[in-house]
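# Observations on chain architecture
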Amino acid sequence: MKISSILLIVNTLLLIAIWVFTGIKYAALPEMVPTHFDFQGNVDGESGKIAIWALPCIATFIAVLFVGLSRDPNSTLLNVPKSFRNKETLELYMFSLQFPVMLLFLDIIIESVRVAEGKQTELSNVIFFILGLLFTVIGVGLVKSIQERFTKKSND
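Keep in mind the model is a prediction, meaning the values are calculated, not measured.

Attention now moves to the packing of helix α1 (residues 3–26) against helix α3 (residues 87–116). Running from N to C, α1 and α3 cross one another at 20°; their axes reach a closest spacing of 9 Å. In terms of their interaxial angle, α1 and α3 are classed as roughly parallel. With respect to the hand of their crossing, α1 and α3 are arranged in left-handed fashion. Of the residues that constitute the contact of α1 with α3, the class distribution is 19 nonpolar, 5 polar and 2 charged.

Before going further, it helps to spend a moment on the packing of helix α2 (residues 54–70) against α3. It is the contact of α2 with α3, at a shortest axis distance of 9 Å, that shows an interaxial angle of 175°. Put simply, α2 runs roughly antiparallel to α3. Between α2 and α3, the contacting residues are L55, P56, I58, A59, I62, A63, F66, V67, L69 and S70 on the first element and K87, L90, E91, M94, F95, L97, Q98, V101, M102, F105, I108 and I109 on the second. In terms of residue class, the contact of α2 with α3 is built from 18 nonpolar, 2 polar and 2 charged.

Pairing geometry for strand β1 (residues 32–37) and strand β2 (residues 43–48), over 5 bridges, is antiparallel. Residue pairing for β2: V33 is matched across the bridge by S47. In this structure, the hairpin formed by β1 and β2 is closed by a connection of 5 residues, where G41 is found at a positive phi of approximately 90°.

Right, let's get into the environment of D107. Among the structural elements, D107 can be located in helix α3. A relative accessible area of 13% means that D107 is categorised as buried. C-alpha of D107 to C-alpha of I127: the two residues are 20 residues apart in sequence and 7.2 Å apart in space. Non-local contacts of D107, meaning those with residues more than four positions away in its chain, are made with V126, I127 and I130.

This part covers the pattern of salt bridges. Tallied over the entire structure, the rule returns 5 salt bridges. We note a salt bridge from E117 to K25, for which the minimum N-O separation is 3.3 Å. Note that E117 is positioned in the loop between α3 and α4 (126–155) and K25 in helix α1, a separation of 92 residues in sequence. A residue is classified by how much of its surface remains accessible, and K25, at 22% relative accessible area, is partly exposed. Residue K119 pairs with E117 through a salt bridge whose shortest N-O separation is 3.4 Å. Here the salt bridges do not stand alone but share partners, grouping K2, R71, K87 and E91 into one network.

Reading guide: rules and limits
- Note on numbering: residues in each chain are counted from 1, in written sequence order.
- In view of the model being predicted, local features appear only for residues whose pLDDT reaches at least 70, and side-chain atom pairs are presented and counted only at 80 or more, with totals across whole chains, interfaces and linings using the full set of residues.
- Side-chain descriptors were evaluated using all non-hydrogen atoms of the structure, hydrogens and water having been removed beforehand.
- Orientation is described by lines fitted to C-alpha atoms, with helices fitted over the stretch in contact, and by angles between N-to-C directions that extend from 0 to 180 degrees.
- Runs of H or I in DSSP of at least four residues are treated as helices and runs of E of at least two as strands, each being numbered from the N terminus.
- When describing relative orientation, an angle under 35 degrees is termed roughly parallel and one over 145 degrees roughly antiparallel, while 65 to 115 degrees is termed roughly perpendicular and anything else oblique.
- The sense of a crossing depends on the near helix, which, turned anticlockwise from the far helix by less than a right angle, makes the crossing left-handed and, turned clockwise, makes it right-handed.
- Ten residues, namely Ala, Val, Leu, Ile, Met, Phe, Trp, Tyr, Cys and Pro, are considered nonpolar, four, namely Asp, Glu, Lys and Arg, are considered charged, and the remaining ones, Gly among them, are considered polar.
- By the convention used here, residues are in contact when the closest approach between their heavy atoms is within 4.5 Å.
- Here, strands pair whenever DSSP counts at least two bridges between them.
- Burial classification: accessible surface area is computed with a 1.4 Å probe over protein chains only, and a residue below 20% of its type maximum counts as buried, one above 50% as exposed, and the rest as partly exposed.
- A pairing counts as a salt bridge when a side-chain nitrogen of Lys or Arg comes within 4 Å of a carboxyl oxygen of Asp or Glu.

Structural data, given as structure tokens:
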């Protein structure tokens, strides 16, 4: 089994976990839930508990978008290096990029619910590690793109 297929399965399971967790916890949430946090992880915005459904919806949109974009390596919506413009490499890159995004959404939902339940007072530092993973994947694409640009210029 290809790594991209494994990543697609893992990303799909994370998306399902986001929906299931939100569905299980929704009824017991207080009427107001945290919906925004500052850089220190402190709550600086609250909304009605129905707002908790925004994150699963956004995560689903992103998942569908990434799967759709990975189907067409020549899409004008993609800004990826030329060497990524084949189906296998593009799927690997897109699903690798999607993985930390799904982890980020899952963590934010879990921690938002925990804050709403009074089990913690602020977001943990886990988010920074997930963001580090996300920026690492993005960095791989940027480095590859820069390498291709220099290779192209030296060949001209």
